[in-house]
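Residue-level listing of the chains:
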Amino acid sequence: MTRTGRPLIAVLGAILAGTVAMSAEAETFRLSHNTSDTTTWHQGSEKFNELLKEATGGEMQVRIFPNATLAGGDQMKQAEMVGRGALDFVVTSAINVTPIVPEMAVFSLPYLYSSYEEVDATTQGAPAEKIEALLAERDIIVLAWGENGFREVTNSVRPIRSPDDLRGLKMRVAGPMYIDVMNALGANPQQMQWAETFTALQQGVVDGQENPIGAVIIPQRVYEVQDYLTTWHYSYDPIFLAVSRKLWESWDEETQTKVRNAAIEAMDFQKKISREGTAQGIEFLRGKGMDVYEPTPEELAAFREATKPAFDSWAEKVGAELVATFQEAIAAAN
Ligand code: X2X
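Right, let's walk through the structure included here. (Residues numbered from 1 in each chain as written. Predicted model: local features only at pLDDT ≥ 70, side-chain atom pairs only at ≥ 80, totals over all residues. Heavy atoms only, no water.)

Here the focus is the overall build of the protein chain. Looking only at helices and strands, the protein chain has 14 helices and nine strands in total. When its C-alpha atoms are laid out on the principal axes, the protein chain stretches across 90 × 45 × 35 Å. By residue count, 53% of the 334 residues in the protein chain fall in the buried class. Charge-centre separation for the protein chain: the mean point of 29 positive side chains lies 6 Å from the mean point of 46 negative side chains. (Helix = DSSP H or I, 4+ residues; strand = E, 2+ residues; numbered from the N terminus. Buried < 20%, exposed > 50% of the residue type's maximum accessible area, 1.4 Å probe, protein only. Lys, Arg positive; Asp, Glu negative; His and termini not counted. Charge placed at Lys NZ, Arg CZ, Asp CG, Glu CD.)

Structure follows, in structure tokens:
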């Protein structure tokens, strides 16, 4: 070896070591969501991680925490934590944000939508922009919209074919608007964390619940503890992927673009697999022994009529102008 050979090797070694150390220091952000690790919410979050790593050459990644564990199991707390920078990213659904942004309930107003085309007309354009602005005021930056889906009702007591069939049933619900909807139907609603609901259904603490088929009911095996499902499509629930403003503003424009593009692609994927799971879901659930009832248009109209008081009171809370923005986009989609 020459006298210069060894230092050169040492330098190369140091560079190599440096590279290894750098990738070991890839920035890892925390992403919280409030369903289990079997759902499309989780799969969408994993896709985001994959795409983020790819786009940043491994410099950025997320660690995913399901079941709202980082919020102490409180699914409604996640968004607020992102707002104050206590959490980096969140994947959650509209209803969970209503305690801090009541306007988020607009999406889930009973029977606002009757098709995916109508839904898709509001997770973009003026409706989405208005909602995103409201969340940004709370320092929650929405990156992309995904899908929980149309929420279908299940229970273990009897088939539900009319509003009367809900009378007296103990129903687990996620949030305030659904309490009013269930009350309008004569059911006994009880607000409960999703992570605690399976056990509550199993032990008969509650008789029923409502959730989307593809995103939640199938992946979380609700069919194991529920006998009846009615596809009443009474309320739509979007999910979104958001980041804390503090973190967002710490990035340059190039990084922001990479993060946003990864989020959009991941949530598009999440929406696609949720819709696929839902499309195949009824047959799957019947195969598992569930009694699935698909209401006629007349029966749907009866549910719509019975839930109208909740629509009206929440439309007022949300604000007539915002509801109109949604209704206009929905009308234009048809
Ligand atoms: O708690 C629920 O029902 C769930 C998982 O759908 C929501 O986050 C609203």
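Right, let's get into empty space enclosed by the protein. Scanning the entire structure with this criterion turns up two cavities of 30 Å³ or more. Empty space within the largest cavity amounts to approximately 90 Å³. Along the walls of the largest cavity sit 15 residues, with Asn34, Gln75, Asn148, Arg151 and Asn211 positioned nearest its centre. When its residues are assigned to classes, the lining of the largest cavity shows five nonpolar, seven polar and three charged. Put simply, the second largest cavity is a space of about 30 Å³. Forming the walls of the second largest cavity are Phe107, Leu109, Tyr111, Leu112, Tyr113, Phe150, His233, Tyr234, Ser235 and Tyr236. (1 Å grid on protein atoms, 1.4 Å probe; cavity = no way out; pocket = protein on both sides within 12 Å on 5 of 7 lines; lining within 4 Å. Points joined across faces, edges and corners; volume = space filled by probe spheres on them. Nonpolar A, V, L, I, M, F, W, Y, C, P; charged D, E, K, R; others polar.)

Right, let's talk about the pairing of strand β1 (residues 27–33) for a bit. Relative to strand β2 (residues 60–65), β1 runs parallel, the two being bridged by six bridges. Bridging from a neighbouring strand, Thr28 pairs with Gln61 of β2. Running through helix α2 (residues 40–55), the crossover from β1 to the neighbouring parallel element β2 is right-handed. Note: β1 against strand β3 (residues 89–93), three bridges, orientation parallel. (Pairing = 2+ DSSP bridges. Right-handed = clockwise from strand over helix to strand, strands pointing away.)

Asn34, Asn96, Arg151, Arg172 and Asn211 are the nearest of the 14 residues found near the ligand. A distance of 2.8 Å separates an oxygen atom of the ligand from a polar atom in the side chain of Asn96. With respect to the ligand, the side chain of Arg151 contributes an N or O atom lying 2.8 Å from an oxygen atom. Residue classes in the shell around the ligand are distributed as four nonpolar, seven polar and three charged. (Near = heavy atom within 4 Å. Polar contact = N/O pair within 3.5 Å; in protein donor to acceptor, adjacent residues only side chain to side chain.)

The next point concerns the packing of aromatic side chains. Both the distance between ring centres and the angle between the ring planes are used here to describe each pair of aromatic rings. Tallying each qualifying case throughout the model produces 15 aromatic pairs. Aromatic side chains Tyr113 and Tyr236 sit 5.5 Å apart centroid to centroid with 70° between the ring planes, which places their arrangement in the edge-to-face category. Of the two residues, Tyr113 sits in the loop between β3 and α4 (116–120) while Tyr236 sits in strand β8 (residues 228–244), which places them 123 residues apart along the sequence. The rings of Phe29, Phe48, Phe89, Trp248 and Trp251 are connected pair by pair, giving a single aromatic cluster. A cation over a ring is seen here: Lys47 above Phe269, with NZ or CZ 4.5 Å from the ring centre. Stacked on the ring of Tyr293, the Lys or Arg Arg161 has its end atom at 5.1 Å from the ring centre. (Phe/Tyr/Trp six-rings, centres within 6.5 Å; stacked < 30°, edge-to-face > 60°. Lys NZ or Arg CZ within 6 Å of the ring centre and 35° of its normal.)

Just geometry here; none of it tells us what the structure is for.
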